[in-house]
Amino acid sequence: MSARLDPRRIQGRFTSPLHDERVAAVLGIALGVTFTVCFFTGLWSHLVQSPPSWFSRPPRPAGLYRVTQGVHVATGLATIPLLLAKLWVVYPKLFAWPPFRSVAVAVERVALLPLIGGGLFLVGTGLANINLWYPWPFSFRTAHYWAAWITIGALIIHVGAKWSSTRNALSRDSKPHDADSPGARADRRAFLGTIGAASVLITLTTVGQTVGPLRRLAMLAPRRPDTGPQGFPINRTARTAGVLVAAQGHKYRLIVTGAVARELSLTRDELAALPQHETTLPIACVEGWSASPRWRGVQVRELLARAGVVGGAAVRVESLQRRRAYRTSMLEPAETRDPDTLLALEVDAEPLHIDHGYPVRLIGPNRPGVLQTKWVTRLVVL
Amino acid sequence: VTRPHLEPERHGVGFWIAVAIGGGVIVFGIRGAVHAARATGPTDFFAWVIAADLLHDLVIAPVVCAAGFVLTRLLPERWRTPVRSGLIISALVVIVGWTGLRGYGRDRVPDNPTVQPLDYRTALLTVLAVVWIAVVLWGLLRMRASRRVRRG
């Protein structure tokens, strides 16, 4: 075997002073923070989208989901520079020889496969998803969710493996190694500064999709909260949902049924004649954009009272849409009791645009956008 | 032989506790992905995770190393760091803007103009222009500083 390809020598051939324990440690800590933030905000999003029996989605604070999901997407985007930089810094370790010096090293290295594969998978699928681009055959949400568990498990192992070496690398009295010239130190500072600047730049050019004051800077954002009919975006048009005819036809009725004392069947005009309630609530999408228009419509609790339902009740809200995952959504008792849970007829003083759910849509506090069901035709009290 | 910049690890009891906890979480995640088979398509799912690994190790990292190799040989020393920073930031910004630029996503929902509604070509060119103006200014400053040092 020629000396060039001698596996014992490959690692030593990476001569850049950036392949350094301290740079790896700084980036590692930053990634530990961003992955943890994304994991918990993502877990939260999963919980509120599909609450298990032991969890009840709190309707207050009304803007909580907007914040947690905005943080999830912004943190994920800011992670891209950190992750790629870290992988490059430690790339020589891939060629460590012998590959497994001990059982512990073998375990540590095997756990890198789910850590690196999972980490790249999460930021990659997340980035594609906020663009509504799905170049894979599986369900984004399910795959992203389970990949997060796998990655965070691998991260726990990795933190266990690196805890002491990270502390050593960053402690003041860590000995500078042989290649540590002032130039090398400046080089490392410049590199870390560059990665930080890239994260800041990516954040500044995208986070305006949910942070209003930075809207004009959001030139790379896949969605802009000020675009679309009536000044905010849509995820599914009436045409795509196949509701153009049913939503605008004279046969439209809102039915309140299920465990009720008397069933209601109301036209849009009859709904408009009921007491109207106004509120400003965010529509906060899982993809990380949000807008906060003013809604006007009938309180769900008012409708339930007219149907003879007293106190809070769980309600299944059904759309005119025929199929697809988000045709229906659930309202929990705490949500139906909330005065701001509305069947909205108007937004910003205009009748809802058909793409925003005309004749009526559900809007409630602290609900992910996909659960703000559009083109509502039935409330089924459970 | 120079000491490697990246030291090997020492593994204590804490590591094995982390392996037990983290390993349990990984198993939980893999089980979940397999059980949700209809939605995740576990073969595809695991193939994509491993492919992400391989894509980095076999394509992205070697390309970056090759770029670094060329860069250190082509550029005068004073310009290396600014140009390297410029290239890193440019690549990362392009990664984030690429889907918008290509209209992936928008082409899936042609009747929804609120998906990728912006002019991403102009946006990317603007951001890159700002980045490279900063690179040139930084490089010029470094040149001036080194001239001063030489003059004494």
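Figured I'd write up the structure that's included with this text.

What counts and how
Residues numbered from 1 in each chain as written. Chains lettered and ligands numbered in written order. Predicted model: local features only at pLDDT ≥ 70, side-chain atom pairs only at ≥ 80, totals over all residues. Heavy atoms only, no water. Helix = DSSP H or I, 4+ residues; strand = E, 2+ residues; numbered from the N terminus. Buried < 20%, exposed > 50% of the residue type's maximum accessible area, 1.4 Å probe, protein only. Contact = heavy atoms within 4.5 Å. Areas by Shrake-Rupley, 256 points an atom, 1.4 Å probe, with all protein chains shown as cover. Salt bridge = Lys/Arg side-chain N within 4 Å of Asp/Glu carboxyl O. Axes fitted to C-alpha atoms, helices over the stretch in contact; angles between N-to-C directions. Parallel < 35°, antiparallel > 145°, perpendicular 65-115°, else oblique. Left-handed = near helix turned anticlockwise from the far one by under 90°. Nonpolar A, V, L, I, M, F, W, Y, C, P; charged D, E, K, R; others polar. Core = buried A, V, L, I, M, F, W, Y, C linked by side-chain atoms within 4.5 Å. Patch = residues over 30% accessible without salt bridge, like charges linked within 9 Å, V, L, I, M, F, W, Y side chains within 5 Å. Lys, Arg positive; Asp, Glu negative; His and termini not counted. Charge placed at Lys NZ, Arg CZ, Asp CG, Glu CD. Pairing = 2+ DSSP bridges. Polar contact = N/O pair within 3.5 Å; in protein donor to acceptor, adjacent residues only side chain to side chain.

**Focus: the overall build of chain A**
Point 1. Each helix and strand in chain A was counted, giving 12 helices and 12 strands.
Point 2. In terms of principal-axis extent, the alpha carbons of chain A reach across some 85 × 45 × 40 Å.
Point 3. Of all 382 residues assigned to chain A, the portion counted as buried reaches 56%.
Point 4. Pairs at least 24 residues apart make up 70% of the contacts formed inside chain A by residues separated by at least 6 positions.
Point 5. A total accessible area of about 16200 Å² is found for chain A, and carbon and sulfur atoms account for 60% of it.

**Points about the pattern of salt bridges**
All names here are of chain A.
Point 1. For the structure shown, the criterion picks out 17 salt bridges over all chains.
Point 2. For the salt bridge of Lys93 with Glu21, the shortest nitrogen-to-oxygen distance reads 4.0 Å. Here Lys93, found in the loop between α3 (64-89) and α4 (103-110), pairs with Glu21, found in helix α2 (residues 21-49); they are 72 residues apart in sequence, far enough to count as distant.
Point 3. Between Asp226 and Arg215 there is a salt bridge, and its shortest N-O distance comes to 3.1 Å. Remark: Arg215 occurs in the loop between α7 (182-204) and α8 (238-241) and Asp226 occurs in the loop between α7 and α8; sequence separation between them is 11 residues.
Point 4. By relative accessible area, which is 34% here, Asp226 ends up partly exposed.
Point 5. Judged by relative accessible area, Arg215 falls into the partly exposed class, the value being 34%.
Point 6. Where salt bridges share partners, they join Arg57, Glu332, Glu335 and Arg367 into one cluster.

**Looking at the packing of α2(A) against helix α6 (residues 140-170) of chain A**
All names here are of chain A.
Point 1. Between α2 and α6, the shortest axis-to-axis distance is 9 Å and the interhelical angle comes to 150 degrees. Overall, the two elements α2 and α6 adopt an arrangement that is roughly antiparallel. Like other packed secondary-structure pairs, α2 and α6 cross with a definite hand, here left-handed. On α6, the residues touching Glu21, Arg22, Ala25, Val26, Ile29, Phe35, Phe39, Leu43, His46 and Gln49 of α2 are Arg141, Tyr145, Ala148, Trp149, Thr151, Ile152, Leu155, Thr166, Ala169 and Leu170.
Point 2. Partitioning the contact of α2 with α6 into residue classes produces 13 nonpolar, 4 polar and 3 charged.

**Points about the nonpolar core**
Nonpolar side chains tend toward joint burial in soluble globular proteins.
Point 1. Counting residues in hydrophobic clusters, the biggest one holds 68 residues, and the most contacted among them are Leu27(A), Leu77(A), Phe191(A) and Phe45(B).
Point 2. Sort the elements by how many residues they give to this core and α6(A) lands first, with 13 residues.
Point 3. Look past the residues within four positions of Phe191(A) in its chain and what remains in contact with it is Leu18(A), Val23(A), Leu27(A), Ala85(A), Trp88(A), Val89(A), Arg84(B) and Ile88(B).
Point 4. In terms of nonpolar packing, the next biggest core, distinct from the first, is built from 32 residues, Val260(A), Val309(A), Ala313(A) and Val317(A) among them.

**Observations concerning a positive patch on the surface**
All names here are of chain B.
Point 1. Together, Arg78, Arg144, Arg147, Arg148, Arg150 and Arg151 give the surface a local cluster of positive charge.
Point 2. Looking at the positive patch, the element that brings in the most residues is helix α5 (residues 120-151), giving 5 residues.
Point 3. For Arg150, the location among the structural elements is in helix α5.
Point 4. On the basis of relative accessibility, which here comes to 68%, the residue Arg150 falls in the exposed class.

**Side note on the sheet that holds strand β2 (residues 264-266) of chain A**
All names here are of chain A.
Point 1. Spatially, the 5 strands line up as an open sheet ordered β2-β1-β12-β7-β8, and their pairing is mixed. Edge positions in the sheet fall to β2 and β8 (328-331), since each of these pairs with one other strand and no more. Neighbouring strand axes in the sheet, compared pairwise and without regard to direction, differ in orientation by 20 degrees on average.
Point 2. As paired strands, strand β7 (residues 315-319) and β8 are joined by 4 bridges and run antiparallel to one another. When the sheet's bridge partners are listed, Val315 is paired in β8 with Leu331.

**Examining the packing of α2(A) against α3(A)**
All names here are of chain A.
Point 1. Contact geometry of α2 with α3 gives a least axis separation of 8 Å together with a crossing angle of 150 degrees. One way to sum up the angle between α2 and α3 is to call them roughly antiparallel. For the crossing formed where α2 meets α3, the hand is left-handed.
Point 2. Grouping the constituent residues of the contact of α2 with α3 by class yields 17 nonpolar, 12 polar and 1 charged.

**Things to note about the side chain of Thr142(A)**
Point 1. Within the secondary structure, Thr142(A) is located in helix α6.
Point 2. Side-chain polar atoms of Thr142(A) contact the side chain of Ser139(A), separated by 2.9 Å.

**A word on the pairing of strand β9 (residues 342-347) of chain A**
All names here are of chain A.
Point 1. The buried count for β9 comes to 5 of 6 residues, which makes it a mostly enclosed element.
Point 2. Pairing geometry for strand β6 (residues 294-299) and β9, over 5 bridges, is antiparallel. Considered in β9, the bridge of Val298 is made with Leu343.
Point 3. In this structure, β9 lies alongside strand β11 (residues 361-363), joined through 3 bridges in antiparallel fashion. Across the sheet, the residue bridging to Leu342 is Ile363, located in β11.
Point 4. Alignment of β9 against strand β10 (residues 350-351), held across 2 bridges, turns out to be antiparallel. Looking at β10, one finds that Val347 is bridged to Glu350.
Point 5. Hairpin connection of β9 to β10: 2 residues between the antiparallel strands, including Asp348 at a positive phi of 45 degrees.

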